[in-house]
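Listed below are the residues making up each chain.
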Amino acid sequence: MPKAFDNQHMIRPCGEDDFDEIWTIINDGASAYRGIIPADRWNEPYMTREKLRQEIHDGVDFWGADEDGTMAAVMGVQDVLDVTLIRHAYVRTSKRRHGLGGELLRHLQALTTRTVLIGTWADADWAIRFYEKHGFRLVPAGEKEQLLRRYWKIPTRQIETSVVLSSGTLPP
């Protein structure tokens, strides 16, 4: 069910017809990580179409924030075991700082009663600050690896260079 959050913005679930737009926004938004994340983790494009299709196949449901009738931000949500993961949160470069990411995050949090976990790159301090501003806390380094291995399907090198943030009590 779409949710208007002001006269210009609408949050809505994405469908198959939105695939190209999701892919475009992810790769545009991910440009902020170029030169920040380890070079061996950067790809061009950052996410291939095949990888995006696999993420959707694996249960990532994307939501979009439309501005003036055009999708300007996307964020995925995925229930895994006993938590909800926020996956692939990106805003078009030209639309950053319009509140779209925060609105999407609040909307997706409201859809679940589970603890929400977010993984991001350890060197992306702006992303970490964004999530902390929205009530998430960094998981202690000693618990991070266990959570990344349990809830995400990512390579060891990405585990080494990532952090996890949590909205609540960590599962046992």
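Here the structure is shown first, and the text comes after it.
What you see as residue numbers is a count from 1 along each chain, following the sequence as written. Side-chain atom pairs in this predicted model are given and counted only at pLDDT of 80 or more, local residue features only at pLDDT of at least 70, and totals for whole chains, interfaces and linings cover all residues. Side-chain measures were taken over the full set of non-hydrogen atoms in the model, leaving aside hydrogen atoms and water.

1. As for the overall build of the chain
- Helix numbering and strand numbering both begin at the N terminus, where a helix is a DSSP run of H or I of at least 4 residues and a strand a DSSP run of E of at least 2. Secondary structure summary: the chain contains six helices and eight strands in total.
- Starting at the N terminus and ending at the C terminus, the chain contains elements arranged as β-β-α-α-β-β-β-α-β-α-β-α-α-β.
- Both definitions apply: the radius of gyration is a C-alpha atom measure, and the globule rule equals 2.2 Å times residues to the power 0.38. Its C-alpha radius of gyration of 15 Å places the chain within 12% of the 16 Å reference for a compact globule of 172 residues.
- The principal-axis extents of the C-alpha atoms in the chain amount to approximately 45 × 35 × 30 Å.
- Exposure is judged per residue with a 1.4 Å probe applied to protein chains only, and the accessible area is read against the type maximum: over 50% gives exposed, under 20% gives buried, and values in between give partly exposed. With 172 residues in all, the chain has 49% of them scored as buried.
- Nonlocal contacts in the chain, meaning residues at least 24 apart in sequence, comprise 67% of its contacts between residues at least 6 apart. Residue contacts follow a heavy-atom distance rule, with two residues in contact if any of their heavy atoms lie within 4.5 Å.

2. Here we look at the pairing of strand β5 (residues 83-91)
- Burial analysis of β5 places eight of its nine residues in the buried class, the great majority of the element.
- Bridging between strand β4 (residues 70-80) and β5 involves seven bridges; their strand directions are antiparallel. By the bridge assignment, G76 is partnered in β5 with R87.
- Pairing between strands is defined by DSSP: at least two bridges between them are needed. Between β4 and β5, which pair antiparallel one after the other, the connecting turn spans two residues, and L81 there sits at a positive phi close to 50°.
- Summarising the sheet, β5 and strand β6 (residues 115-121) pair through four bridges and their orientation is parallel. Each bridged residue has a counterpart across the sheet, and for T84 the counterpart in β6 is V116.
- Handedness of the β-α-β unit built from β5, helix α3 (residues 100-110) and β6 comes out right-handed. The path from the first strand over the helix to the second decides the hand: if it runs clockwise while the strands point away from the viewer, the crossover is right-handed.

3. As for unusual backbone geometry
- Following E44, the chain continues to P45 via a peptide bond in cis, the omega torsion being 0°.
- In this fold, P45 is placed in the loop between α1 (19-29) and α2 (49-57).
- In this structure, D68 is a non-glycine residue whose phi angle is positive, near 55°.
- One non-glycine residue, H88, lies in positive phi territory at about 55°.
- Here H88 lies in strand β5.
- Under the relative-accessibility criterion, H88 is labelled buried at 16%.

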